[in-house]
Amino acid sequence: QVQLVESGGGLVQAGGSLKLSCAVSGRTFNGYIMGWFRQAPAKEREFVALIRWSTGVTSYADSVKGRFTISRDNAKNTVYLQMNSLKPEDTAVYYCAAKIGSAVVTTPDAYAYWGQGTQVTVSS
């Protein structure tokens, strides 16, 4: 059974940093796309970043480009999201997700597996 478990969320002041982790288990993820999404209150879930597990190729939403970095550790079966220069508008529940197949897709519906989410709150 595929499991994704996020950790690392919390409360941080604007301009600060947080690093989210997503531990994945249940199968090998070569050929998968791993994504980070976020959802703020009363808003739709939105794409943040993704990484192709096999090649490490990444893609980012314009709103986080230059501030966030997605990476993966094959040995630890873990995906990370390093978030720097955080802004109050980054406040949301952050979700890790896995998409079967290596095609780059940023819509949440394409992702079959999801973690439980971790809260990130950025104070001004």
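Because the structure is predicted, anything quoted here is derived from the model rather than measured.

Before going further, it helps to examine the overall build of the protein chain. Helix and strand content of the protein chain: zero helices and eleven strands. For the protein chain, the sequential pattern of α-helices and β-strands runs β-β-β-β-β-β-β-β-β-β-β. Here the C-alpha atoms of the protein chain give a radius of gyration of 13 Å, agreeing with the 14 Å that 2.2 N^0.38 yields for 124 residues. Seen along its three principal axes, the alpha-carbon backbone of the protein chain occupies a region of about 40 × 30 × 25 Å. Long-range pairs, those at least 24 residues apart, make up 57% of the contacts in the protein chain between residues at least 6 apart in sequence. Between the averaged position of the 12 positive side-chain charges in the protein chain and that of its 8 negative side-chain charges there is a distance of 7 Å.

Our focus in this paragraph is the pairing of strand β4 (residues 32-39). Among the eight residues of β4, seven are classified as buried, and the element is accordingly described as predominantly covered. When β4 meets strand β9 (residues 92-100), the two strands line up antiparallel, connected through eight bridges. The residue of β9 that forms the bridge with Q39 is V93. Looking at chain direction, β4 and strand β5 (residues 46-52) are connected through six bridges and run antiparallel. Bridge pairing in β5 links M34 to I51. The antiparallel pairing of β4 with β5 creates a hairpin that spans six residues between the two strands, and A42 there sits at a positive phi of about 65 degrees.

The next point concerns the sheet that holds strand β1 (residues 3-7). Read from one edge to the other, the open sheet built from four strands follows the order β1-β3-β8-β7, with strand pairing classed as antiparallel. Because the sheet does not close on itself, it has two edges, and the strands there are β1 and β7 (68-73). The sheet shows a mean angle of 15 degrees between the axes of neighbouring strands, direction not considered.

For the structure shown, the criterion picks out seven aromatic pairs. With a centroid separation of 6.0 Å and an interplanar angle of 70 degrees, the aromatic rings of F37 and F47 are classed as edge-to-face. Here F37 is found in strand β4, whereas its partner F47 is found in strand β5, with ten residues between them in sequence. There is no split in this pair, since F37 and F47 are both buried. What links up through ring pairs into an aromatic cluster is the set F37, F47, Y95, Y111 and W114. Here R45 stacks its cationic end above the ring of Y95, 3.8 Å away from the centre of that ring.

By size, the foremost hydrophobic cluster in this structure holds 37 residues, and its most contacted members are M34, W36, L81, M83 and Y94. At the level of elements, β3 (18-25), β4, β5, β7, β8 (78-83), β9 and β11 (118-123) are the ones that each hand at least two residues to this core.

Within the secondary structure, Y111 is located in the loop between β9 and β10 (113-114). With residues up to four places along the chain from it excluded, the contact list for Y111 reads I33, G35, F37, L50, A97, A98, K99 and V105.

Checked against the element boundaries, A110 lands in the loop between β9 and β10. A110 sits eleven residues away from K99 along the chain, and the two C-alpha atoms are 6.4 Å apart. Each residue touching A110, except ones within four places of it in the same chain, is listed here: K99 and V105.

Quick notes on the rules
Residues numbered from 1 in each chain as written. Predicted model: local features only at pLDDT ≥ 70, side-chain atom pairs only at ≥ 80, totals over all residues. Heavy atoms only, no water. Helix = DSSP H or I, 4+ residues; strand = E, 2+ residues; numbered from the N terminus. Rg over C-alpha atoms; globule rule 2.2 N^0.38 Å. Contact = heavy atoms within 4.5 Å. Lys, Arg positive; Asp, Glu negative; His and termini not counted. Charge placed at Lys NZ, Arg CZ, Asp CG, Glu CD. Buried < 20%, exposed > 50% of the residue type's maximum accessible area, 1.4 Å probe, protein only. Pairing = 2+ DSSP bridges. Axes fitted to C-alpha atoms, helices over the stretch in contact; angles between N-to-C directions. Phe/Tyr/Trp six-rings, centres within 6.5 Å; stacked < 30°, edge-to-face > 60°. Lys NZ or Arg CZ within 6 Å of the ring centre and 35° of its normal. Core = buried A, V, L, I, M, F, W, Y, C linked by side-chain atoms within 4.5 Å.

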